[in-house]
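Fold and contact review
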Amino acid sequence: MDSKAQQHLIIGGHINLGNARAAMAQLQDSIRNLDLDYISLNEPYSFNNQITCIPLNYTIAASLESPKAAIVIKSTLNAQIVICYKEVVIIQATLNNQETILVSAYCPPNKNLDATLLIIRNAISKFTNRPILDLAVENSPESLPTYSSSRGDSWIDLLLTRNLASEITLEVTDHISNSDHNLLIIRHLSNVSQCPNTRRLSINKINWIKLKTTLHHILKDQTDPDLFPASVINSLIQQLQDTIFTAISKLKDNTNSRNSKPQKKKNAIWWTRELEIKRSKTRALRRLFQKERDTCIRAKKKKSLKKLVRKGYFPATWKATRVILIEKKGKTFDHPSHFRTICILPTWGKILDKIITERLTFHLESSNLLSDNQFGFRRNHPSYKKYSRFSYKSPRNNISQMASQLSQMEKDQPA
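Structure report, in brief. (Residues numbered from 1 in each chain as written. Predicted model: local features only at pLDDT ≥ 70, side-chain atom pairs only at ≥ 80, totals over all residues. Heavy atoms only, no water.)

**Remarks on the overall build of the protein**
So the rule is basically this: Helix numbering and strand numbering both begin at the N terminus, where a helix is a DSSP run of H or I of at least 4 residues and a strand a DSSP run of E of at least 2. When accessible area is computed with a 1.4 Å probe and restricted to protein chains, residues below 20% of their type maximum are described as buried, those above 50% as exposed, and intermediate ones as partly exposed. The criterion used for residue contact is that any of the two residues' heavy atoms lie within 4.5 Å.
Broken down by element type, the protein carries nine helices and 17 strands. By the burial criterion, 27% of the 415 residues in the protein qualify as buried. Of the contacts formed within the protein by residues at least 6 apart in sequence, a portion of 54% connects residues at least 24 apart.

What follows is the structure, given as structure tokens:
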């Protein structure tokens, strides 16, 4: 087994390219040969304000105008840009199942560092309240110099870390880089035993008596649900939802705090593939039966939704959506059009929306309130059927007649 996969190894890097095109071309080979997950760049070579010579399965986070700092990271690491300036780039990525902040900062020797530190402090303050100067220097005085030239050697390229759950090592290599600076290799080590233990929640283990007591405590001051105003309904639903989320969070924290050892299953000689298939079918039938047998709970759910429809109220909590951004392949993070959006709506909101849609459609169709010329988004009235009503006589006059008939149909449609 590969040692990188066994230890969940993340390999990163850093190098100052000195705006050299040859160094940028050599870096492309180093990324492929070392299989780097990310690399921080200072003074990268750019053509028309764009960094070139980067493999296709990597994403570049850099300024669009003469970038002095950049971060190149694999597209599979779910990286998100925090800030992207000319000399400072900060991204958030998932490394070894942990959210990590990566910063690439270029500070020339003749410039004051206060402005750069202020930018970094303001950006990182969104994630933590601790000062950014509480950092550890990972560079070793016994390592090779990070900068070598005819004027002497220097350790000017620094790696600073803080609050890392995994072990990290830094190596200054002597690989050919076509630059005055050497390539720094950063290794993030994380053992398999450090992976969090996940636990699935089962509805069969719910304490229904305690749940009923909690619901009674929340609703004890309300006598008649039909007399609830809209604000009270929304407040009660929000309170109930917060109570459920709090209970699930406590259960998750208690589960992660346990150090349970996995139990070893003994292999049964008599167990065969046919028995495995029969057991899967039996479990599927049991789940199907359990979904439909509790008619009382299903009747209560229907009654609650009917009351909301009768009052004409849609809870504001069910309208809230969670938007997730997914990066497009081969795109950068500097423009909103480079992301795909997925909106996750509450399940009860979807059910209530479907009920309202079905009732409105039935009312409009059964009462003949829709025009016969209304096509599209209707049952048995697809949009292509409207062209069957055009009369066709000859190739000379069919276009004008079709245009006149189409305009007349649009006038007949209700506003």
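**Focus: the packing of aromatic side chains**
The cut-off we apply is this: Each aromatic pair joins two rings of Phe, Tyr and Trp (for Trp, the six-membered one) with centres within 6.5 Å, and gets the label stacked for planes under 30 degrees apart, edge-to-face for over 60, and tilted for any other angle.
The final tally for this structure, using the stated rule, is one aromatic pair. When the centroid spacing of 6.5 Å and the interplanar angle of 20° are considered together, the rings of W318 and W348 count as stacked. Pair noted here: W318 is in the loop between α7 (295-311) and β16 (322-327) and W348 is in helix α8 (residues 347-366), with a separation of 30 residues, a long-range link. Residue class for W318 comes out buried when judged on its relative accessible area of 13%.

**Let's talk about the nonpolar core**
Quick note on the threshold: Only buried residues count toward a nonpolar core, which is a set of Ala, Val, Leu, Ile, Met, Phe, Trp, Tyr and Cys residues joined through side-chain atoms within 4.5 Å.
Judged by nonpolar contacts, the single largest core of 20 residues is most densely connected at L27, I39 and L41. Contributing elements (two or more residues each) for this core: β1 (10-16), α2 (21-34), β2 (38-42), β5 (58-62) and β6 (69-74). Sorting elements by how many residues they give to this core places α2 first, with four residues. Filtering out sequence-adjacent residues up to four positions away, L41 remains in contact with H14, I15, L17, M24, L27, K68, A69, A70, V72 and S104. Y38, I71, L159 and F333 belong to the second-largest nonpolar core, a separate cluster that totals 19 residues.

**Re the pairing of β2**
Let me state the cut-off plainly: When DSSP finds two or more bridges between a pair of strands, those strands are recorded as paired. The handedness of a crossover follows from its direction of travel: if, with the strands pointing away from the viewer, the path from the first strand over the helix to the second runs clockwise, the crossover is right-handed.
Buried residues dominate β2, accounting for five of its five residues. Alternating positions in β2 separate into two faces, Y38, S40 and N42 on one and I39 and L41 on the other, with burial throughout. Looking at chain direction, β1 and β2 are connected through five bridges and run parallel. Bridge pairing in β2 places G12 opposite Y38. Handedness of the crossover joining β1 and β2 through α2 is recorded here as right-handed. Judged from the five bridges that link them, β2 and β6 form a sheet pairing that is antiparallel. Considered in β6, the bridge of L41 is made with A70.

**Overview of the sheet that holds strand β9 (residues 98-105)**
Short version of the rule: Helix axes use the C-alpha atoms of the stretch in contact, all axes being lines fitted to C-alpha atoms, and the angles between their N-to-C directions lie in the range 0 to 180 degrees.
Taken together, three strands build an open sheet; the order of strands is β7-β8-β9 and the sheet is antiparallel. The sheet is open, and its two edges are formed by β7 (80-84) and β9, each paired on a single side. Looking at each pair of strands side by side, their axes are set apart by 20° on average, direction ignored. Pairing geometry for strand β8 (residues 88-95) and β9, over eight bridges, is antiparallel. When the bridges of β9 are listed, I90 appears paired with V103. Here helix α3 (residues 114-124) sits on the sheet in contact with β7, β8 and β9, set at roughly 35° to β8.

**So, the pattern of salt bridges**
Keep this limit in mind: When a carboxyl oxygen of Asp or Glu is within 4 Å of a side-chain nitrogen of Lys or Arg, the pair counts as a salt bridge.
All told, the structure shown has five salt bridges when counted by the stated rule. A salt bridge links D35 to K74; its shortest N-O distance comes to 2.9 Å. Residue D35 is located in the loop between α2 and β2, and its partner K74 is located in strand β6; the two are separated by 39 residues in the primary sequence. Residue K74 is classed as buried on the basis of its relative accessible area, which comes to 16%. For K111, the salt bridge is made with E87, and the minimal N-O distance between the two is 2.5 Å. Here K111 is found in the loop between β9 and α3, whereas its partner E87 is found in the loop between β7 and β8, with 24 residues between them in sequence. Connected through salt bridges with shared partners, the residues D35, D37 and K74 form a single ionic network.

**As for α8**
Keep this limit in mind: Expected helix span is given by 1.5 Å per residue-to-residue step, counting one fewer step than there are residues.
Helix length check: α8, at 20 residues, gives a terminal C-alpha distance of 29 Å against a target of 28 Å (1.5 Å per residue), a fit within 8%. Just beyond α8, the residue with positive phi is N368, at close to 55°.

**Overview of the environment of N42**
By secondary structure assignment, the location of N42 is in strand β2. N42 gets classed as buried once you look at its relative accessible area, which sits at 5%. When near neighbours in sequence (up to four residues on either side) are disregarded, N42 contacts H14, I15, N16, L17, G18, K68, A69, S104, A105 and Y106.

Distances and angles like these do not, on their own, reveal function.
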